[in-house]
Amino acid sequence: MKKLIIFDFDGVLADTLNAFYPLIKDGMKSIGLSISKKQYQNLFMGNIHRGFKDFIKDNKKLEQFLKFRKANYDKYYYDKKQGAKLFPGVKKFIEKISKKYLLTIASSGRKENVESLLKRNNIADFFSLVLADSSISKVAMIAEI
């Protein structure tokens, strides 16, 4: 019987920093704030959603920022130059470990985007299950897996 590996996606298998930092930077600018790349990276030291709330400190501005992020997410994610891409070596790594392990993904990203990137890199079939939804906690995803 194979053992199970659960991967997060953004920042683990997929290099999305250069796709999402410009989105977050522009979203902050739209509400009159600025955020450095380092400040953005530091938000991941805890719950990113809580990090945005603590960084913005204004519920009305937070709501505007979240609307901006949602409306522009795909534009930045699929940008030809800086959009999301797998980290170097991920494809070969996934192909190799899939022989010994069941592979799954638990992500707060959009499922269609995660699956699209996996398909574009010909590794979608190596994953038994992909759970991706920002409205479900990782704890709940792991319990479902």
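So, helix α5 (residues 90–97)
Structurally, the α-helix is built with 3.6 residues per turn, so residues lying three or four positions apart point the same way.
At step 1: The set of residues buried in α5 consists of Val-90, Ile-94 and Ile-97. For α5, the angular spread of the buried residues around the axis is 75°, confining them to a single face. Across from the buried face of α5, at angles greater than 90 degrees, the exposed residues are Lys-92 and Lys-96.
At step 2: Residues of α5 that are buried sit in contact with β1 (3–7), β3 (85–86), β4 (101–107) and β5 (127–132).

Concerning the pattern of salt bridges
At step 1: By the definition in use, this model includes 5 salt bridges.
At step 2: Between Arg-50 and Asp-54 there is a salt bridge whose closest N-O contact spans 3.4 Å. One end of the pair is Arg-50 and the other is Asp-54, both in helix α3 (residues 48–56) and 4 residues apart, which spans about a single turn.
At step 3: On the accessibility criterion, Asp-54 (38% relative accessible area) is partly exposed.
At step 4: Taking the shortest distance from any N to any O, the salt bridge between Arg-110 and Asp-74 comes out at 3.1 Å. Taken together, the residues span a long stretch of sequence, with Arg-110 in the loop between β4 and α6 (111–120) and Asp-74 in helix α4 (residues 59–77) at a distance of 36 residues.
At step 5: You can call Arg-110 partly exposed: its relative accessible area is 22%.

Parameters and conventions
Residues numbered from 1 in each chain as written. Predicted model: local features only at pLDDT ≥ 70, side-chain atom pairs only at ≥ 80, totals over all residues. Heavy atoms only, no water. Buried < 20%, exposed > 50% of the residue type's maximum accessible area, 1.4 Å probe, protein only. Helix = DSSP H or I, 4+ residues; strand = E, 2+ residues; numbered from the N terminus. Arc of directions from axis to C-beta. Contact = heavy atoms within 4.5 Å. Salt bridge = Lys/Arg side-chain N within 4 Å of Asp/Glu carboxyl O.

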